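# Remarks on the overall topology
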Amino acid sequence: MSQNTFKKKIKAGNSPKGGPRKTVFTWIEEKLDVKGFLGEGVPVQFIPPVGFLVILALIYIYSNHRAESMVRKIEKAQQEVEDLRADVTTLEAEYMQSSMQSEVAKRAAKLEIYELNQPPIKIEVEK
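Residue numbers here run from 1 along each chain, matching the order of that chain's written sequence. Reporting in this predicted model follows two pLDDT cut-offs: at least 70 for local features of residues, and 80 or more for side-chain atom pairs to be given and counted; totals over whole chains, interfaces and linings ignore these cut-offs and use all residues. With hydrogens and water stripped out, all remaining heavy atoms of the structure feed into the side-chain values.

## A few points about the overall build of the protein chain
- Counting secondary structure elements, the protein chain contains 4 helices and 0 strands.
- Listing the helices and strands of the protein chain from first to last along the sequence gives α-α-α-α.
- Burial classes: relative accessible area under 20% of the type maximum marks a residue as buried, over 50% as exposed, and values in between as partly exposed (1.4 Å probe, protein chains only). When the 127 residues of the protein chain are sorted by exposure, 2% land in the buried category. Each helix is a run of H or I in the DSSP string that is no shorter than four residues. Each strand is a run of E no shorter than two, and both are numbered from the N terminus.

Here is the structure:
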C-alpha cells in the first residue's frame, strides 16, 4: 500500500501557468470598486433578501414576457379566423351560385345534355 503524502507547496516565484487567474468576481471588484462602496466585502446577511428580490424580479420579467407573447399569438389566431371566415363566406356564395338551375344547365350544355321541355311520363306496366 502507498502512503499518504502532502503536495509540495509552490514557491512565490513559481506560479502555475502565468500567475493568478482573474475571475469574473475579481474583475467586478476592480471595475465597480466594491471595497470602497461596501467596505471589506459583501455582508453575508444581505445575500438572502437580495437574492429573493432578484428571483422575484426574474419571475416578474418572465411572466410579463409570456403574457406579451400570448397576446401576440391570440391576435395572430384572431386574424387567421377572420381570414378563414371571409374565405368560407366567399366559397358558400360561389357554391350557392353554381348550384342554381340555370348555372347547372349551362355546364350541362357543354356536355350536350339539355333540359326537358315536357314533364316526365309515367310508364305503367301491366302484370
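## A word on a negative patch on the surface
- A surface patch of negative charge is lined by Glu80, Glu82, Asp83 and Asp87.
- When you line up the elements, Glu82 lands in helix H3 (residues 47-98).
- By relative accessible area, which is 48% here, Glu82 ends up partly exposed. Patch membership requires over 30% relative accessible area and the absence of a salt bridge. Like charges are linked within 9 Å, and nonpolar side chains (Val, Leu, Ile, Met, Phe, Trp, Tyr) within 5 Å. The Shrake-Rupley method, run with a 1.4 Å probe, gives the accessible areas here. Residue values count only the displayed protein chains as cover. By definition here, a salt bridge exists when the distance from a side-chain nitrogen of Lys or Arg to a carboxyl oxygen of Asp or Glu is within 4 Å. Charge convention: Lys and Arg are scored as positive, Asp and Glu as negative, and His as well as the terminal groups of each chain are ignored. One atom stands in for each charge, and that atom is NZ of Lys, CZ of Arg, CG of Asp or CD of Glu.

## Some words on a nonpolar patch on the surface
- A contiguous nonpolar patch, built from Phe46, Val50, Val54, Leu58, Tyr60 and Ile61 and spanning about 640 Å² of accessible area, is present on the exposed surface.
- Tracing the backbone through its elements, the reader meets Tyr60 in helix H3.

## Some thoughts on unusual backbone geometry
- Positioned with a positive phi, Glu112 is a non-glycine residue whose angle comes to about 60°.
- In this fold, Glu112 is placed in the segment after helix H4 (101-110).

## A word on the confidence of the model for the protein chain
- pLDDT expresses, on a scale from 0 to 100, how confident the predictor is about each individual residue. Residues of the protein chain with pLDDT of at least 70 account for 84%, and the chain-wide mean is 84.
- Summarising per-element confidence for the protein chain, the mean pLDDT is lowest in helix H2 (residues 34-38) (68) and highest in H3 (96).

## Points about the environment of Ser98
- Note on placement: Ser98 falls in helix H3.
- For Ser98, a relative accessible area of 29% gives the class partly exposed.
- Residues are treated as being in contact if the distance between any of their heavy atoms lies within 4.5 Å. With residues up to four places along the chain from it excluded, the contact list for Ser98 reads Glu103, Val104 and Arg107.
- Only 3.1 Å separates the side chain of Ser98 from the backbone oxygen of Tyr95, close enough to count as a polar contact. By the criterion applied in these results, polar contacts are pairs of N or O atoms within 3.5 Å in which, for protein atoms, one can donate a hydrogen and the other can accept it, and in which residues neighboring in sequence qualify only through two side-chain atoms.

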